[in-house]
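# Observations on chain architecture
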Number of protein chains: 4
Amino acid sequence: MTQQRWQRISEWPLTLAAVLFLAAYAWEVIGNLAGPSSALAEVIMAATWTVFLVDYVANLVLAPERWQWFSRHILDLLIVVLPLLRPLRLLRLVTLLNILQRTAGTAFRGRVILYAAGASILLIFVAALAVLDVEQANPGSSIVTFEDALWWAFVTITTVGYGDFTPLTVMGRLIAGALMLGGIALLGVVTATIASWIVERVAIKEEDAQAATRGEIRALEHQVTKLQETLDRMDQRTQVLADRGVSPK
Amino acid sequence: MTQQRWQRISEWPLTLAAVLFLAAYAWEVIGNLAGPSSALAEVIMAATWTVFLVDYVANLVLAPERWQWFSRHILDLLIVVLPLLRPLRLLRLVTLLNILQRTAGTAFRGRVILYAAGASILLIFVAALAVLDVEQANPGSSIVTFEDALWWAFVTITTVGYGDFTPLTVMGRLIAGALMLGGIALLGVVTATIASWIVERVAIKEEDAQAATRGEIRALEHQVTKLQETLDRMDQRTQVLADRGVSPK
Amino acid sequence: MTQQRWQRISEWPLTLAAVLFLAAYAWEVIGNLAGPSSALAEVIMAATWTVFLVDYVANLVLAPERWQWFSRHILDLLIVVLPLLRPLRLLRLVTLLNILQRTAGTAFRGRVILYAAGASILLIFVAALAVLDVEQANPGSSIVTFEDALWWAFVTITTVGYGDFTPLTVMGRLIAGALMLGGIALLGVVTATIASWIVERVAIKEEDAQAATRGEIRALEHQVTKLQETLDRMDQRTQVLADRGVSPK
Amino acid sequence: MTQQRWQRISEWPLTLAAVLFLAAYAWEVIGNLAGPSSALAEVIMAATWTVFLVDYVANLVLAPERWQWFSRHILDLLIVVLPLLRPLRLLRLVTLLNILQRTAGTAFRGRVILYAAGASILLIFVAALAVLDVEQANPGSSIVTFEDALWWAFVTITTVGYGDFTPLTVMGRLIAGALMLGGIALLGVVTATIASWIVERVAIKEEDAQAATRGEIRALEHQVTKLQETLDRMDQRTQVLADRGVSPK
């Protein structure tokens, strides 16, 4: 079996595993579970972890140039090995965004906006879960309910930053950093899309100029065609003259 | 009566109802009314609500394909049915912005700026009213006067976010979210408009290049016209030659 | 004397009056003056106020269509009449920015950046002065030194908004609003200038395409010129033939 | 020795001195050193300072027009003379960014993004060090660990501005100002790069129009070439006719 075939086969099981992981993770974090419920959530997460582990090993075994694949997928290894990076498994859900994108038709700007909106919502939700996970275990933290975590994530990604809730742990601050970078990118995409639209609307005049140029070239073609016709007529006449000039001799 | 005719007739009564609703809502929220005044404000709001309800039912009855119209106007139904979504009735006021836009002449960027400014002012005012409505009823909230609510709305939409006033209720946070998204859009529109202006000013050089191209094409046309004249002269001469070559025979 | 001549004459005295007003205003506000010093500062400000008053009256008298000028300069009237709007007299200093602009050469983007930087610095300085003026008189306010006021103005115009200092008075909040709008405009100008620069750099390829088009048009011209030469040669020969065809007869 | 040669020779020792200075500075500030360790760090910093001093003097001596060079490098003098401006020596590290840039290939947007990311990371790190240096010596300051300083720098450069940590000293606020300006520039670069990319993607249609114009010009060239061929044929025939017209005489 080739690596390409494996990746085609494993795409959907991995996405499903990511969705299941998200559900179990959200259940455990929001419910602040303990006892049998927590154990069940952990079992589900361990099961999805196995799927990711199997995928990593299979890719490593099937890769044509193993060392090259290994050195280029250090992050994949860390996501599988370090429990701390578990939330990054949700990056798999970008597959779902790709499908949204496929069904969204062909308008480029529409797809950019849809992708940005989808990625932002996913980022806000996952960051709220992850920050709640690390902050509610830390005494003195202000982010202790999922509602507050969602609110904090939204305030952060829009770069408003009220400061009514702020993470205190290192991990929480790393998550905040990712949200802020996401916010800058979101702002950039929104602005850029509007700018592109306005530039295009204003540029219609310029396209008219381009069209005028092409109109003049077409007029020139018309003139040249008439030239050719005149020449063809003359060509036949000189032929007649040349033939006649020969025959009487 | 067709649905189109109904919508043309109902456009202005609905806008008037939205303005009346806004006035009564502002009066009740800012005045923090109680007793007979509150009852009067509620009566006015109920009256405007009736207008929206009648419009919804009329649209549903007159729609050529009723189910399609119903499924595409779920939000309209929710605005009419849920008291919580009452402020969204003010979306009707966008009609007024359309009129501003119509009178603003033809400059595209000017209309974009005007629309963005109008929508921002409306959003700030309505969000301040709505947040005051939900927060002043919540013990412990800091937003308890309309002045503070306006200040909070302005600080939020510009993404400054001092954090001196923050909503504590779920509804207040949803309103804040709408303001933040509005702020990102506002920032995008301002930046994009300036960018479009600068790009245009810098692009004048490029338009000059375009003009130069067209100048060269025109020079080429002149050359081809002269070619045609030379050929016409020759055409007549070869005709003469051909005629003469025949006649003496 | 015409209004135009008056405006040419009064341009520099008004700018000087604005500078003097700024100096006296800064001295009074930062020094939190009392007694004779305060009286002196007030005398200087009254003197500069007279200059603005004289200019307003002179303009009104000299205007060709007095009512039109009056209705279009309501703000000028308010600045002269209302002590509250005194800081707006500093808008006159934009004249200095115009001079900077004139000496800054011809690069359009350079002038935009210079103007934005100059206006931002002026806005920060004047807003810090004005907010200190209104806030230090208000018990409970946190902005009581000029250093804090400058820091607050800078934090606000960049839309960072820590919230360590916030205005409490209505006037202070209006000044903050002006700063925030200035900040959005500043952000827009910076982004737009960078965008214009990147678009231009990337567009060099497109200009190359344009140049290639013109190269092909030039090659075409060369071909047509050769056509004309061939035709000219033929023209002379057919002339010879036609002459000869006549003479032997 | 010419100044150019000196600058080529001194480029790498200066960069090395800046790296060493950064290491010693970070060690002293983060470790909040005292006693012999502090003395060692100070010795290293003094040594790197000597390198900068020697470079400044050498440049001054070797400059072809000494006064011109002096007046244009006032900042270099201040960096060498004022201990307060020591962190600015790290501007030398931009040399390293230039090398990154050289190895990053030719894509313009890629290089802009890489440069912006590198400069942002350097700015965050150096600002965190510098603010910790000035704030931890100030009683009452909240920024007293390097982790908090880094977090504050990141919150500031992204213009989120929670306000959980804010500088209290003048020097700390100047550093914060530099960070905020860096943040506005960063936002501008990100937005501009995305805008350029979207504009380019949308503009492909326009390039197609340009290509179509060139296609038509090429078709025109083809027509003119055929004209030339017809004319050449006629040219030979009229030559034959003219020769024959002469010979029989």
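Keep in mind it's a predicted model, so treat the numbers as computed, not measured.

Looking only at helices and strands, one finds 8 helices and 0 strands in chain A. Reading chain A from its N end, one meets helices and strands in the order α-α-α-α-α-α-α-α. Going through the 249 residues of chain A one by one, you find that 45% of them count as buried. The contacts of chain A with a sequence gap of at least 6 include a subset with a gap of at least 24, amounting to 62%. Here chain A displays about 12200 Å² of accessible surface, and carbon together with sulfur accounts for 67% of that area.

This paragraph deals with the relation of the copies chain D and chain A. Structural alignment of chain D on chain A gives an RMSD of 0.2 Å, achieved by rotating through 90 degrees and translating 0.0 Å along the axis. Taken together, these values place the two copies in the relation of a four-fold axis.

The next subject is the packing of aromatic side chains. Per the counting criterion, the structure on display carries 20 aromatic pairs over all chains. On the numbers, 5.4 Å between centres and 55 degrees between planes, the contact of Tyr 56 of chain A with Trp 69 of chain A is tilted. Here Tyr 56 of chain A is found in helix H2 (residues 36-62), whereas its partner Trp 69 of chain A is found in helix H3 (residues 66-72), with 13 residues between them in sequence. One exposure class covers both Tyr 56 of chain A and Trp 69 of chain A, and it is buried. Measuring from ring centre to ring centre gives 5.5 Å for Phe 21 of chain C and Tyr 25 of chain C, while their planes differ by 10 degrees; the resulting arrangement is stacked. One end of the pair, Phe 21 of chain C, and the other, Tyr 25 of chain C, are both in helix H1 (residues 3-31), 4 residues apart, so they sit about a helical turn from each other. Taken individually, Phe 21 of chain C and Tyr 25 of chain C each receive the classification buried, so the pair is uniform in this respect.

With that out of the way, let us pick up the UniProt feature "transmembrane region" (unreviewed entry) in chain A. Residue and element names in this part refer to chain A. Under the feature "transmembrane region" (unreviewed entry), the UniProt entry names residues 12-31, 43-62, 112-132, 144-162 and 174-199. Taken end to end, residues 43-62 is 100% helix and 0% strand, and its two terminal C-alpha atoms sit 28 Å from one another. Spanning residues 112-132, this segment combines 100% helix with 0% strand, and its end C-alpha atoms are found 30 Å apart.

Bringing the interface of chain D and chain A into the picture now. Counting residues at the interface gives 45 residues for chain D and 52 residues for chain A. Applying the counting rule to chain D against chain A returns 2 salt bridges. The residue Arg 173 of chain A makes a salt bridge to Glu 147 of chain D at a minimum N-O spacing of 3.0 Å. For the side of chain D that touches chain A, the secondary-structure elements that each account for two or more residues are helix H7 (146-157) and helix H8 (170-246) of chain D. When residues in the side of chain D that touches chain A are grouped by element, the largest group, 32 residues, is from H8 of chain D. Of the residues assigned to the side of chain D that touches chain A, the class counts are 26 nonpolar, 9 polar and 10 charged.

Taken over all residues, the pLDDT of chain A has a mean of 83, while the share at 70 or more is 90%. Across chain A, the element-wise mean pLDDT spans from 66 in helix H5 (residues 94-103) of chain A up to 95 in helix H7 (residues 146-157) of chain A.

Turning our attention to a nonpolar patch on the surface. Together, Ile 74, Leu 75, Leu 78, Val 81, Leu 82, Leu 84, Leu 88 and Leu 91 of chain A give the surface a local cluster of nonpolar side chains, amounting to about 670 Å² of exposed area. Take Leu 75 of chain A: its relative accessible area is 45%, and that puts it in the partly exposed class.

In this assembly, 52 residues from chain C lie in contact with 45 residues from chain B. Here chain C meets chain B over a buried area of about 4200 Å², counting both sides, of which 67% is carbon and sulfur. Area buried by chain C at its contact with chain B is led by Phe 108, Arg 173 and Ile 184 of chain C, which between them contribute 16% of it. For the interface between chain C and chain B, the tally reads 2 salt bridges. Taken together, the connections running from chain C to chain B amount to 4 residue pairs in polar contact (both at pLDDT 80 or more). Those elements that place two or more of their residues in the side of chain C that touches chain B are helix H6 (108-135), helix H7 (146-157) and helix H8 (170-246) of chain C. Ranked by residue count, the leading element in the side of chain C that touches chain B is H8 of chain C, at 37 residues.

Within the largest apolar cluster, 161 residues are counted, with the highest numbers of intra-cluster contacts made by Trp 152 and Met 180 of chain A, Trp 152 of chain B, Trp 152 of chain C together with Trp 152 of chain D. When residues of this core are assigned to domains, at least three fall in each of domain 1 (1-92) and domain 2 (104-241) of chain C. Those residues in contact with Trp 152 of chain A, other than ones at most four positions away along the chain, are Ala 127, Val 131, Ile 143, Phe 165, Thr 166, Pro 167, Gly 172, Ala 176 and Leu 179 of chain A together with Tyr 162 of chain D.

Okay, the packing of helix H2 (residues 36-62) of chain B against helix H4 (residues 74-81) of chain B next. All names here are of chain B. Taken N-terminus to C-terminus, the directions of H2 and H4 make an angle of 150 degrees; their axes are 10 Å apart at the nearest point. With respect to H4, the element H2 is oriented roughly antiparallel. For the pair H2 and H4, the crossing hand works out as left-handed. Counting all contacts with H2, which are made through Trp 49, Phe 52, Leu 53 and Tyr 56, the residues of H4 involved are Asp 76, Leu 77 and Val 80. Classifying every residue of the contact of H2 with H4 by side-chain character gives 6 nonpolar, no polar and 1 charged.

This part covers the packing of helix H1 (residues 3-31) of chain A against helix H6 (residues 108-135) of chain A. Residues and elements named next belong to chain A. Where H1 meets H6, the axes come as close as 9 Å, and the angle between the chain directions of the two elements is 45 degrees. Comparing their axes, H6 and H1 come out oblique. In the packing of H1 onto H6, the handedness of the crossing is left-handed. Residue-level contacts link Leu 22, Tyr 25, Ala 26, Val 29 and Ile 30 of H1 to Phe 125, Val 126, Leu 129, Ala 130, Leu 132 and Asp 133 of H6.

What follows deals with the pattern of salt bridges. Side chains carrying opposite charge are able to pair once their charged atoms draw close together. Under the counting rule described, the total for this entry stands at 8 salt bridges over all chains. Salt bridges sharing partners connect three or more residues here, namely Glu 147 and Asp 148 of chain A together with Arg 173 of chain B.

The subject of this paragraph is the environment of Ile 143 of chain D. Residues and elements named next belong to chain D. Mapped onto the elements, Ile 143 comes out in the loop between helix H6 (108-135) and H7. Judged by its relative accessible area of 0%, Ile 143 is buried. Note: C-alpha distance between Ile 143 and Leu 168 (25 residues apart in sequence) is 9.3 Å.

Calculation rules
Residues numbered from 1 in each chain as written. Chains lettered and ligands numbered in written order. Predicted model: local features only at pLDDT ≥ 70, side-chain atom pairs only at ≥ 80, totals over all residues. Heavy atoms only, no water. Helix = DSSP H or I, 4+ residues; strand = E, 2+ residues; numbered from the N terminus. Buried < 20%, exposed > 50% of the residue type's maximum accessible area, 1.4 Å probe, protein only. Contact = heavy atoms within 4.5 Å. Areas by Shrake-Rupley, 256 points an atom, 1.4 Å probe, with all protein chains shown as cover. Least-squares fit on C-alpha atoms with pLDDT ≥ 70 in both. Phe/Tyr/Trp six-rings, centres within 6.5 Å; stacked < 30°, edge-to-face > 60°. UniProt positions renumbered as here; feature names shortened; annotations may be inferred. Salt bridge = Lys/Arg side-chain N within 4 Å of Asp/Glu carboxyl O. Nonpolar A, V, L, I, M, F, W, Y, C, P; charged D, E, K, R; others polar. pLDDT = per-residue confidence, 0-100. Patch = residues over 30% accessible without salt bridge, like charges linked within 9 Å, V, L, I, M, F, W, Y side chains within 5 Å. Buried area = accessible area lost by both parts, 1.4 Å probe. Polar contact = N/O pair within 3.5 Å; in protein donor to acceptor, adjacent residues only side chain to side chain. Core = buried A, V, L, I, M, F, W, Y, C linked by side-chain atoms within 4.5 Å. Domains from an automatic or database assignment. Axes fitted to C-alpha atoms, helices over the stretch in contact; angles between N-to-C directions. Parallel < 35°, antiparallel > 145°, perpendicular 65-115°, else oblique. Left-handed = near helix turned anticlockwise from the far one by under 90°.

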